[in-house]
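Geometric and topological summary
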Amino acid sequence: MKQDIEIKTADGTAKAALFRPENGADAKHGVILYMDAMGPRASLQEIAQRLADAGYVVLLPDLFYRFGAYGPFDGNAFNDPASRETILTMLRGTTQEMTKADSAAFLEVLSDAGVQAPVGVVGYCMGGGRALTAAAAYPDRIAAAASFHGGNLASDAEDSPHRFAADIRARVYVGVAGVDNSFPPEQSARLAEALRTGGVDHIIENYVGMAHGWTVPDHGIYDEAGAERHWKRLLNLFDEALA
């Protein structure tokens, strides 16, 4: 069941949606779903609802709310030069620090919805880094964090998520596309080292043959078998860490 809401943040009002199990079952634990760069849309709502039906209250916020109305885009929007430029402008203008601050409000929404701690987070594409950053920023609230085809998780940037690995207390799962220019092997190795030395319980898994975006249904490179594999890993992570 989907409920459209608005979330007051320090910078304005973010549109969002809360998802609960369609069968009306109680869900004690919550999940924040951090969007990919194309924004909240039907395909991400489909992911959110499936996750909710597994027994969670799921929050899907619009991270680009500071830009007002945009799109709608789909998973192939990067193929259009004008759409690509719009998306990149919003992406560059929505920093990790902004989303980290917003996440405090997101966590409060889940609390107000009756969710008990701990909480899980999952992000796709740009959302992958946001999920890991949130886990580092709110270690007492977030017990599980997953990233799928997340980009720049261990870059040279000052706000790169790997720099805050030592603050993470959550169990971490990172699903990597077999070939992904936004997260090359050297970054994967850097992230693995940061998580290991930070004492983080983690898995980094390489999905050989999968391309960036393989989990999201409206992507041109969506792979059903790879997506189902991602679901098994994600639900297992949450089942164990949020129990």
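Residues numbered from 1 in each chain as written. Predicted model: local features only at pLDDT ≥ 70, side-chain atom pairs only at ≥ 80, totals over all residues. Heavy atoms only, no water.

1. Regarding the environment of Arg190
Turning to its location among the elements, Arg190 is positioned in helix H5 (residues 185–197). Sequence spacing of Arg190 and His162 is 28 residues, and the spatial spacing of their C-alpha atoms is 7.7 Å. Residues contacting Arg190, with those up to four places away along its chain left out, are Ala154, Ser155, Asp156 and His162. In this structure the side chain of Arg190 is engaged in a polar contact, spanning 3.2 Å, whose partner is the side chain of Asp156. (Helix = DSSP H or I, 4+ residues; strand = E, 2+ residues; numbered from the N terminus. Contact = heavy atoms within 4.5 Å. Polar contact = N/O pair within 3.5 Å; in protein donor to acceptor, adjacent residues only side chain to side chain.)

2. A word on helix H1 (residues 42–53)
If you check H1, its first and last C-alpha atoms are 16 Å apart, about what 12 residues at 1.5 Å a residue would give, namely 16 Å. Against strand S1 (2–9), strand S2 (12–19), strand S3 (29–34), strand S4 (56–61), strand S5 (119–124) and helix H6 (224–241) lie the buried residues of H1. Gly55, located one to two residues past H1, shows a positive phi value of around 115 degrees. (Expected span 1.5 Å × (residues − 1).)

3. Some points on the packing of helix H3 (residues 96–112) against helix H4 (residues 126–137)
At a minimum axis distance of 9 Å, the contact between H3 and H4 shows a crossing angle of 55 degrees. Here H3 lies oblique to H4, going by the angle between them. As H3 runs across H4, the sense of the crossing is right-handed. Contacts between H3 and H4 involve Gln96, Thr99, Lys100 and Ser103 from the first element and Gly129, Arg130, Thr133, Ala134 and Ala137 from the second. Tallied by class, the residues present in the contact of H3 with H4 amount to two nonpolar, five polar and two charged. (Axes fitted to C-alpha atoms, helices over the stretch in contact; angles between N-to-C directions. Parallel < 35°, antiparallel > 145°, perpendicular 65-115°, else oblique. Left-handed = near helix turned anticlockwise from the far one by under 90°. Nonpolar A, V, L, I, M, F, W, Y, C, P; charged D, E, K, R; others polar.)

4. Quick word on the sheet that holds strand S7 (residues 171–179)
An order of S1-S2-S4-S3-S5-S6-S7-S8 is seen for the eight strands of this open sheet, with the pairing classed as mixed. Across the chains shown, the open sheet's two edge strands, defined by having one partner strand only, are S1 and strand S8 (202–211). On average, each strand axis in the sheet is inclined to that of its neighbour by 20 degrees, with strand direction left out of account. Sheet topology places S7 next to S8; seven bridges connect them, and they run parallel. Across the sheet, residue Val172 finds its bridge partner in S8, namely His202. On the sheet, H1 packs against S1, S2, S3, S4 and S5 and is oriented at approximately 160 degrees with respect to S4. (Pairing = 2+ DSSP bridges.)

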